[in-house]
Amino acid sequence: MSTVLLLAQDQPLPPTPKVEAPPLTAIWPILIVLGAACVGVLFEAFLPRHQRWPAQVVLTLLAVVGAGLQLAFYLTDAPAAGELAMFGTLAVDRPALFLWGTLLALSFGAVLLIADRSVEPGGAFVATAAIRPGTLQDRAQVTATGMQTEVFPLTLFALGGMMIFCSANDLLTMFIALEVLSLPLYLMCGLARRRRLLSQEAAVKYFLLGAFASAFFLYGLALLYGYAGSVRLSDIAAAAAGTDRSDTLLFAGMALLIVGLLFKASVGPFHTWTPDVYQGAPTPVTAFMAACTKVAAFGGILRVLQVAFEATSWEWRSVLWGVAIVSMIIGAVLGLTQTDVKRMIAYSSVAHAGFLLVGAIALTEKGLSATLFYLLTYGFTTLAAFGVISLVRDSSGEATHLSQWAGLAKRSPLVAGVFTFILLALAGIPLTSGFVGKFVVFEAALADGMAPLVVIALVASAVAAFFYLRVIVLMYFSEPAADGPTVTVPGAFTTAAITLSVVVTLLLGIAPAFALDWAAGGVFAIR
Amino acid sequence: MTPTYYLLLSALLFTIGAVGVLVRRNAIVVFMCIELMLNAVNLTLVTFARINGDLSGQVMAFFVMVVAAAEVVVGLAIIMSIFRTRRTASVDDSNLLKY
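Residues numbered from 1 in each chain as written. Chains lettered and ligands numbered in written order. Predicted model: local features only at pLDDT ≥ 70, side-chain atom pairs only at ≥ 80, totals over all residues.

Describing the nonpolar core
Residue and element names in this part refer to chain A.
At step 1: Residues V33, L103, L221, L224 and C292 are the most contacted members of the largest nonpolar core, which totals 229 residues.
At step 2: Element by element, the count of residues in this core is highest for helix α8 (residues 196–228), at 22 residues.
At step 3: When near neighbours in sequence (up to four residues on either side) are disregarded, C292 contacts L103, L106, S107, A110, L159 and M162. (Core = buried A, V, L, I, M, F, W, Y, C linked by C-beta atoms within 7 Å. Buried ≥ 20, exposed ≤ 12 C-beta atoms within 10 Å, placed from the backbone. Helix = DSSP H or I, 4+ residues; strand = E, 2+ residues; numbered from the N terminus. Contact = placed C-beta atoms within 7 Å.)

A look at helix α14 (residues 341–360) of chain A
At step 1: Taking 1.5 Å of rise per residue, 20 residues should cover 28 Å, and α14(A) covers 28 Å from first to last C-alpha, within 8% of that figure.
At step 2: Burial analysis of α14(A) places 20 of its 20 residues in the buried class, the great majority of the element. (Expected span 1.5 Å × (residues − 1).)

Considerations on the interface of chain B and chain A
At step 1: Contacts between the two partners involve 33 residues from chain B, matched on the other side by 32 residues from chain A.
At step 2: Elements with a minimum of two residues in the side of chain B that touches chain A: α1 (4–23), α2 (27–52) and α3 (56–86) of chain B.
At step 3: A total of 15 residues in the side of chain B that touches chain A trace back to one element, the largest contributor, which is α3(B).

Quick look at the packing of α14(A) against helix α19 (residues 451–477) of chain A
All names here are of chain A.
At step 1: Two elements in contact, α14 and α19, have axes separated by 11 Å at closest approach and are oriented at 165°. Classified by the angle between their axes, α14 and α19 sit roughly antiparallel to one another. Handedness of the crossing formed by α14 with α19: left-handed. Taken together, the residues of α19 that come into contact with α14 (itself represented by M344, S348, A351, G354, F355 and V358) are L453, A457, A460, A464 and F467.
At step 2: Class assignment of the residues belonging to the contact of α14 with α19 gives a composition of 9 nonpolar, 2 polar and no charged. (Axes fitted to C-alpha atoms, helices over the stretch in contact; angles between N-to-C directions. Parallel < 35°, antiparallel > 145°, perpendicular 65-115°, else oblique. Left-handed = near helix turned anticlockwise from the far one by under 90°. Nonpolar A, V, L, I, M, F, W, Y, C, P; charged D, E, K, R; others polar.)

Considering the UniProt feature "transmembrane region" (unreviewed entry) in chain B
Residue and element names in this part refer to chain B.
At step 1: UniProt records the feature "transmembrane region" (unreviewed entry) at residues 6–23, 28–49 and 61–83, using the numbering of this structure.
At step 2: In residues 6–23, the share of helix is 100% and the share of strand is 0%. The end C-alpha atoms are 25 Å apart.
At step 3: From the first C-alpha to the last, residues 28–49 spans 31 Å; its make-up is 100% helix and 0% strand. (UniProt positions renumbered as here; feature names shortened; annotations may be inferred.)

Focus on the confidence of the model for chain B
Any residue range with low pLDDT should be treated as having predicted coordinates unsuitable for detailed reading.
At step 1: Overall, the predicted model of chain B reaches an average pLDDT of 91, with 98% of residues at or above 70.
At step 2: Reported confidence for the predicted complex is 0.96 by ipTM and 0.94 by pTM. (pLDDT = per-residue confidence, 0-100.)

Considerations on the confidence of the model for chain A
At step 1: Per-residue pLDDT for chain A averages 91, and the proportion of residues at 70 or more is 97%.
At step 2: Mean pLDDT per element in chain A: helix α1 (residues 2–10) of chain A is the minimum at 51, and helix α6 (residues 151–165) of chain A is the maximum at 97.

Right under this line is the structure:
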C-alpha cells in the first residue's frame, strides 16, 4: 500500500480522461417522451385542477407525435447497421427503430382512448383515487367530472420504459427499463372509475406477480454476470460461443431471465395474471397494456435470444418449443370457456403470444421481420378491440359479460360490424392484417425447420377462431335482451383511435408489402 | 473463506423468498419476501464482482437498491389502497376476479 502511495507521489498525475458527451441524435425520441413525462409531473404540481386535463392531453399527444417525427427524421439518414448510444447501453438498430415506431403509433391511439371523456363523463379514470370505494364520497365521485390526470405522465413514463426496453444492449439497462415500464402500469391498473374493487384487485395481483417475475429476471442477470463477467449482451454471446466456463451458470441464468421476459409478454404458462388484470384494469389502460407491453416484451425477447443466446440455441430451443405449444393451447382452450369479453381477449392474447414465440425462436432474419410485423398487426387489432369494448355500456358501466352482447347488431350495426372485423383479424381471416401476420410467421418457422410446431399452431388458431366466431354469431343471430346494454356514441378521441386501428388492420391486410419491407430493414446490431 | 459459500447463501435466501411468496397469505409479507429475493440477488452480484475482480457488479447492486425502493413506493401505495377498502391485506380475500 505504502509503495503505491509513494509511486503516486513521485509521478505527475495522469491527464484526466476526456469524457465526451454521447451523441444524442439517435435517442431523441426517448428523450422527448421521458422529458414530456417530467413536464407532465410538473403540470400536476403547479397547474390548477381544471386546467390539468387539457394541458396534459395536449402535452402527451404532442410528445408522442414529436417523438414520431423525430424518429422519421432520424430514419432518413440512419446508418443501416445501427449504432450504439449512451456509451453502448442502447443499440439503435433497424429492429429497435421499427419497434419504436410501432410503440409510438400504438400509444398515440391508446392516449386518445385514455383521454376520452365522452363515453364515460369525466373519463374512465377515478376522480380521486384516495377515496375509499363504497363510501358516500365515492358514490358522489362516480358522476364527478374530474379524473386523476396523473395517468398521462404515467403513460409517458411507461412508453419511455418500453422504448428503452426494446433497444437495451445490456441486461442492467433492460432491467431498469422493465421497472420503468411496469411501475406506472401497476398504478394505472388500479385507477378505474367504476368497479373500483376489481380494479384495485387487478393492481395488487399485477404488482405482486410482476415484482416476483422481475426478481427472477434479476437473479438471471446476476448469474449471467457471474458467467460472462459482464451484462453486455454481446459479451454474454462471446462468452457462450467458446469457453470452458460453467454451463450451470449460463443455463440457470438464462432460464430465470427468460421466465421474467415471458411473464411480461404473458406467454403461457406464465400468463396467470393476464385475464385478471385485463378484466380489472380500466379499458383504455388494458388497451395500452395489451398492445404496447406485448410489443416491448417481445422486442426484448427477440434481442436477448438473437444477440446473446444464438450460439447456444441448440440447447434451449426445444424448451421454448414446449412453452410456445403450452401457450397456444392454454390461450385457445381456456378462451373457449370464457364468459367475459375482456377475459376472452386476454386469453386470445395468450394464444397470440404463443404464435409470436414461434416466430421469435426461428432465429433467422425472416423470423425476426415476421415477428416484428406480427407485433404491429396484433397491436393495432387489440387496440381497436378494447376501444369497441369501452363503447358497449349499461347503467353500471361497461357491459363486458358476453350474454349482454347478444343481438348487438340489431342495436348498433356499425359497432357490431367493426367488432366482427376485429375478431376476424384476431382469428387470422384473409384480407385482415391478422392473416398476413400469421402467414409470414408460420412461413418463417417452416423455413427454419419447425414444421410440427407450425401444425400445432394452425390447429390452435382453428380452435381460437371458434370462440371469435361464437361472439360474431351471438351478436348477429340472437335476440337482444330487453334491458340490454346500449352502445354509446363515441366522441372524437375514441372515434379517431378506433378508426386509426381499423384502417391500419385493413391496410396491412390488403397491402402489407410496405410494412413488411420496413420490418425486414435490418438485423440487430451485435456489438 | 471461499466466495462460493456466499453464492450458496444467496441462492438459499432467494429460494426462501420465492417459497415465501408462494405460501404466505399477507400481501405485505409476500412483498417482503420479494424484497428478500432482490437482496439475495444483491449478494450474488457483489460476490461475483469479487470473484471476477470487476467493480460493475457492486454498482449494479446499487441500481437494484434504487429500483427496490421505487417498487416499495408503488407497492405499498397499492396494498394500502386495497387494505383501506377491505380492512385486510390477505391475498386470499382478493378473489373477485376469476374464471
